Amino acid sequence: MASRKSRLTLMKILSLFSVVRGYNIPIIALAQYLSAIFILDRESRALDVILDINLFLIVLASSLTIASGYIINNFYDAQKDLINRPKKSMLDRLVSQQTKLNVYFGLNFFVVLLAFLVSWRAVFFFSGYIFLIWFYSHKLKKYPVIGNLTAAFLAVLPFFGILMYFKNFYEVIFAHATFLYLLILIRELIKDLENIPGDLANDYRTIPVMFGEKVSKYIITLLTFLTIIPVYLLVDVYDVGYMDIYFYAGMIVIIIFLLKLWSAASQKQYLQLHNILKILIVAGVFSIVLIEPSVLVHGRKLLSVI
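These numbers were taken from a predicted model, which means no experiment stands behind them.

(A) Local environment of the pattern of salt bridges. Tallied over the full model, the rule gives three salt bridges. The salt bridge partner of Asp77 is Lys141, with a shortest N-O separation of 2.4 Å. Of the two residues, Asp77 sits in the loop between α4 (53–76) and α5 (78–84) while Lys141 sits in the loop between α8 (120–138) and α9 (146–166), which places them 64 residues apart along the sequence. On the basis of relative accessibility, which here comes to 4%, the residue Asp77 falls in the buried class. Take Lys141: its relative accessible area is 11%, and that puts it in the buried class.

Here it is in structure tokens:
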């Protein structure tokens with residue numbers, strides 16, 4: 001009996017892990033730290049940035065906010081996911097909707113407490129972030145264009161929390177953010193193509209549902225070509241160290257992505273395109289270290305004038 005109860009508890013933990021997409025959150029936290037070390041605070045020692053308690057609280061608050069966002073998104077998408085992701089949905093449903101809501105409110109309450117420890121600006125930032133995630137999940141995601149734009153914006157917003165903390169508004173930061181925003185926006189449109197059956201059944205007015213797959217592919221192609229602008233700035237105008245290797249390789253991947261896009265017609269093919277973009281985004285996170293690889297070996301030393 002105890003063994004059966006233990007297995008059920010373990011399955012519920014795995015279910016909650018699936019709901020909050022626990023495999024994504026460490027990547028986002030790592031991306032925030034790497035951005036802080038290699039882009040936003042290039043004057044301080046890497047170790048000082050890592051040991052900054054306020055930065056840790058902001059990253060933790062961001063991670064918990066994202067986790068709560070996945071929960072509320074899963075809560076509203078329960079019926080749609082039964083059609084689009086039946087296997088994942090079966091695992092997610094091991095945790096009741098009421099439990100999901102309890103965890104959601106508990107996480108958000110804890111996030112606000114963490115923000116209080118940092119500053120009032122952090123409280124306002126995370127309160128607004130929590131509200132935007134809820135409003136998107138409840139209303140905006142059902143509408144074309146605005147839903148996609150908001151989803152991509154919410155995905156990059158944690159990095160603006162770090163930016164708010166360091167107050168370093170360099171132009172290169174916005175070039176990085178624009179490239180990431182466009183990739184995420186393209187991925188959101190691919191997800192809409194992937195989720196057409198469930199969106200139709202649940203009256204989600206996405207771009208593929210409203211205007212068809214062909215129009216969606218034209219929009220994705222246009223957005224893909226727009227990525228050339230921030231890539232050109234990052235490679236030719238700004239100094240990104242050896243990270244230009246990533247951008248050159250990324251352009252090759254994007255060309256392959258476009259070729260596959262126009263031949264794709266099934267949910268499985270759209271899932272492959274989705275995964276290509278996910279790999280490209282994750283690779284971009286780890287490639288941030290290429291901006292100044294020597295930091296990995298000896299950290300960044302401060303020169304002092306005596």
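Next comes the rest of the write-up.
(B) Quick look at α9. Its 21 residues give α9 an end-to-end C-alpha distance of 30 Å, which sits within 8% of 30 Å, the value for a rise of 1.5 Å per residue. The largest bend along α9 reaches roughly 35 degrees and is located at Leu157, with the proline Pro158 sitting one to four residues downstream. With its phi angle positive at about 60 degrees, Lys167 sits one or two positions after the end of α9.

(C) Structural detail: the nonpolar core. Phe126, Ile190, Phe247 and Phe257 are the most contacted members of the largest nonpolar core, which has 89 residues in total. For this core, the leading source of residues is helix α10 (residues 171–194), giving 12 residues.

(D) Seen up close, a nonpolar patch on the surface. Taken together, Phe109, Phe110, Leu113, Phe116, Trp120 and Phe124 make up a surface patch of nonpolar side chains, about 720 Å² in accessible area. Listing elements by their share of the nonpolar patch, those giving two or more residues are α7 (97–118) and α8. In terms of residues, the nonpolar patch owes the most to one element, α7, which gives four residues. Trp120 gets classed as exposed once you look at its relative accessible area, which sits at 56%.

(E) Examining the packing of α10 against helix α14 (residues 228–237) more closely. Viewed as axis vectors pointing N to C, α10 and α14 meet at an angle of 145 degrees, and their least axial separation amounts to 9 Å. For the crossing formed where α10 meets α14, the hand is left-handed. Counted together, Val172, Ala175, His176, Thr178, Phe179 and Leu182 of α10 and Pro230, Val231 and Leu234 of α14 form the full contact between these two elements. Among the residues making up the contact of α10 with α14, the classes are represented as seven nonpolar, two polar and no charged.

(F) Here's a closer look at the side chain of Gln32. If you trace the backbone, Gln32 turns up in helix α2 (residues 25–40). Among all residues touching Gln32, those that are not within four sequence positions of it are Val59, Ser62, Pro158, Phe159 and Ile162.

(G) Structural view of the packing of helix α13 (residues 213–226) against α14. As a packed pair, α13 and α14 sit with axes 5 Å apart at the nearest point and diverge in direction by 10 degrees. Judged by the angle between their axes, α13 and α14 are roughly parallel. Of the residues in α14, those in contact with Thr224, Phe225 and Leu226 of α13 are Ile228, Ile229 and Pro230.

(H) Structural view of the packing of aromatic side chains. Within this structure, the stated rule accounts for 15 aromatic pairs. With 5.2 Å between their ring centres and 65 degrees between their planes, Tyr104 and Phe105 make a pair best called edge-to-face. Judged by its relative accessible area of 5%, Tyr104 is buried. Seen in terms of ring centroids, Phe116 and Trp120 are 5.1 Å apart; in terms of plane orientation they differ by 80 degrees. Their pairing is edge-to-face. The partly exposed category is assigned to Phe116, whose relative accessible area is 43%. Ring-pair connections join several aromatic residues into one group, and the members of that group are Phe116, Trp120 and Phe124.

Cut-offs and rules
- Residues numbered from 1 in each chain as written.
- Predicted model: local features only at pLDDT ≥ 70, side-chain atom pairs only at ≥ 80, totals over all residues.
- Heavy atoms only, no water.
- Salt bridge = Lys/Arg side-chain N within 4 Å of Asp/Glu carboxyl O.
- Helix = DSSP H or I, 4+ residues; strand = E, 2+ residues; numbered from the N terminus.
- Buried < 20%, exposed > 50% of the residue type's maximum accessible area, 1.4 Å probe, protein only.
- Expected span 1.5 Å × (residues − 1).
- Bend = angle between axes of the 7 residues up to and from the residue.
- Core = buried A, V, L, I, M, F, W, Y, C linked by side-chain atoms within 4.5 Å.
- Patch = residues over 30% accessible without salt bridge, like charges linked within 9 Å, V, L, I, M, F, W, Y side chains within 5 Å.
- Areas by Shrake-Rupley, 256 points an atom, 1.4 Å probe, with all protein chains shown as cover.
- Axes fitted to C-alpha atoms, helices over the stretch in contact; angles between N-to-C directions.
- Left-handed = near helix turned anticlockwise from the far one by under 90°.
- Contact = heavy atoms within 4.5 Å.
- Nonpolar A, V, L, I, M, F, W, Y, C, P; charged D, E, K, R; others polar.
- Parallel < 35°, antiparallel > 145°, perpendicular 65-115°, else oblique.
- Phe/Tyr/Trp six-rings, centres within 6.5 Å; stacked < 30°, edge-to-face > 60°.

Keep in mind these values describe shape, not function.
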